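For reference, the chains in residue letters:
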Amino acid sequence: MNIKTIPVGYLGTNCYLVHDGCEAVVIDPGADAEKILDAVKADGVTVKCIFLTHAHFDHVLAVSEIQKKTGAKLVANTGEKERMCDAHLSGGGSFGETRFVPLYADIEIDERGALDVGKMRFEFIRTPGHTEGSMCILCDNVIFSGDTLFAGTCGRCDLPGGDYEKMLSSLKMLCELPGDMRVLPGHERETTLSHERVYNPYMAEAMRH
């Protein structure tokens, strides 16, 4: 599995291009569609799917253009259906963002699910807290954690659909995953699950909860 991190937008969202050398997925294309498509072209791969960890504007603004250029299927959690069609819930207005295009998932994930793309198998785990339908995406030894788990902290829970108690339950679920994994979050630097189990105060609170 090859992973390319592509920082996009003015909130510095981590978009990920993940591929097996032939077929690819794009995770959280939050802006800068041409930048993402240039990375796809440079790697010589075909985008089969777009995965959303959640549907806040800074994770979805480039979805429509990438779908038009690639024909990729959109995969999202059922809990994000309303947010994908509601400009207010997408959160862009708070940052002066006026662009909004309603989105509709081709493949919906509920609590858990799995999908094969090329030689890669992706597993989806619903992790509410930041939004109702936030989900983490697992592949091999990597967690694409969206805005659920960050290095040293967790996603904010004070936006519409946020719930701190649910966030703690989601963090506990991640903490209890077996072994160690790379954690590639929706913003800022990557970390590891073993590091967060020891040093992340929110994960420690989740385990006491």
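This text follows the structure it describes.
## Digging into the overall build of the protein chain
Consideration 1: Along the protein chain, the regular secondary structure elements total 7 helices and 14 strands.
Consideration 2: Compactness check: the protein chain gives a C-alpha radius of gyration of 16 Å against a globular reference of 17 Å for 209 residues, within 12% of the reference.
Consideration 3: Summarising its shape, the C-alpha atoms of the protein chain cover approximately 45 × 35 × 30 Å along the three principal directions.
Consideration 4: A buried classification covers 51% of the 209 residues belonging to the protein chain.
Consideration 5: Put simply, 61% of the contacts in the protein chain that link residues at least 6 apart link residues at least 24 apart.
Consideration 6: In the protein chain, which carries 21 positive and 31 negative side-chain charges, the distance between the mean positions of the two groups comes to 3 Å.

## Structural notes on the sheet that holds strand 6 (residues 107-109)
Pairing between the strands of a sheet is mediated by backbone hydrogen bonds and can be parallel or antiparallel.
Consideration 1: Overall, mixed pairing links the 6 strands, which are arranged 1-2-3-4-5-6 in an open sheet. The sheet is open, and its two borders are formed by strand 1 (2-8) and strand 6, each paired with just one other strand. Adjacent strand axes in the sheet meet at a mean angle of 20 degrees when their direction is disregarded.
Consideration 2: Strand contacts of helix 1 (residues 33-43): strand 1, strand 2 (13-19), strand 3 (23-27) and strand 4 (46-51), with the helix running at about 155 degrees to strand 1, the strand carrying the most contacts.
Consideration 3: Along the sheet, helix 2 (residues 63-70) contacts strand 4 and strand 5 (73-77); its crossing angle with strand 4, the most-contacted strand, is approximately 150 degrees.

## Focus: the pattern of salt bridges
Consideration 1: Under the defined criterion, the tally for this structure stands at 11 salt bridges.
Consideration 2: Measuring nitrogen to oxygen at the nearest pair gives 2.9 Å for the salt bridge that ties Glu 190 to Arg 182.
Consideration 3: Under the relative-accessibility criterion, Glu 190 is labelled partly exposed at 38%.

## A few points about the packing of aromatic side chains
Consideration 1: Evaluation of the coordinates by the stated rule reveals 4 aromatic pairs.
Consideration 2: Taken together, the aromatic side chains of Phe 51, Phe 122 and Phe 124 make up a single cluster linked through ring pairs.

## Considering the packing of helix 1 against helix 2
Consideration 1: Relative orientation of the contacting elements helix 1 and helix 2 amounts to 40 degrees, with a least axis distance of 9 Å. When the axis of helix 1 is compared with that of helix 2, the two are oblique. The hand of the helix 1/helix 2 crossing is right-handed. Contacts between helix 1 and helix 2 involve Ala 33, Glu 34, Ile 36 and Leu 37 from the former and Glu 65, Ile 66, Lys 69 and Thr 70 from the latter.

## Describing the sheet that holds strand 8 (residues 120-126)
Consideration 1: What the 6 strands build is an open sheet, ordered 7-8-9-10-13-14; its pairing is mixed. Where the open sheet ends on each side, the last strands, each with one partner, are strand 7 (112-117) and strand 14 (191-192).
Consideration 2: As judged from the 3 bridges shared by strand 9 (residues 135-139) and strand 10 (residues 142-146), these two strands associate in the antiparallel manner. Bridge pairing in strand 10 links Leu 138 to Ile 143.

## Here we look at the nonpolar core
Consideration 1: Membership of the largest hydrophobic core comes to 26 residues, with the highest contact counts inside it found for Ile 36 and Leu 52.
Consideration 2: The set of elements that each furnish at least two residues to this core consists of strand 1, strand 2, strand 3, helix 1, strand 4, helix 2 and strand 5.
Consideration 3: Of the residues forming this core, the biggest block, 5 residues, is contributed by helix 1.
Consideration 4: With residues up to four places along the chain from it excluded, the contact list for Ile 36 reads Ile 6, Val 8, Cys 15, Val 26, Pro 29, Ala 31, Ala 62 and Ile 66.

## Overview of the pairing of strand 3
Consideration 1: Most of strand 3 is tucked away: 4 of the 5 residues are buried.
Consideration 2: One ladder, built from 4 bridges, connects strand 2 with strand 3; its direction is antiparallel. Its bridge partner lying in strand 3, Tyr 16 is registered against Ile 27.
Consideration 3: Counted along the chain from strand 2 to the antiparallel partner strand 3, the turn is 3 residues long, and its residue Gly 21 has a positive phi close to 100 degrees.
Consideration 4: Inspection of the sheet shows strand 3 paired to strand 4 by 5 bridges, in the parallel sense. Along strand 4, the bridge assignment pairs Glu 23 with Thr 46.
Consideration 5: The parallel pair strand 3 and strand 4 is bridged by helix 1, and the resulting crossover is right-handed.

Scoring rules and cut-offs
- Residues numbered from 1 in each chain as written.
- Predicted model: local features only at pLDDT ≥ 70, side-chain atom pairs only at ≥ 80, totals over all residues.
- Heavy atoms only, no water.
- Helix = DSSP H or I, 4+ residues; strand = E, 2+ residues; numbered from the N terminus.
- Rg over C-alpha atoms; globule rule 2.2 N^0.38 Å.
- Buried < 20%, exposed > 50% of the residue type's maximum accessible area, 1.4 Å probe, protein only.
- Contact = heavy atoms within 4.5 Å.
- Lys, Arg positive; Asp, Glu negative; His and termini not counted.
- Charge placed at Lys NZ, Arg CZ, Asp CG, Glu CD.
- Pairing = 2+ DSSP bridges.
- Axes fitted to C-alpha atoms, helices over the stretch in contact; angles between N-to-C directions.
- Salt bridge = Lys/Arg side-chain N within 4 Å of Asp/Glu carboxyl O.
- Phe/Tyr/Trp six-rings, centres within 6.5 Å; stacked < 30°, edge-to-face > 60°.
- Parallel < 35°, antiparallel > 145°, perpendicular 65-115°, else oblique.
- Left-handed = near helix turned anticlockwise from the far one by under 90°.
- Core = buried A, V, L, I, M, F, W, Y, C linked by side-chain atoms within 4.5 Å.
- Right-handed = clockwise from strand over helix to strand, strands pointing away.

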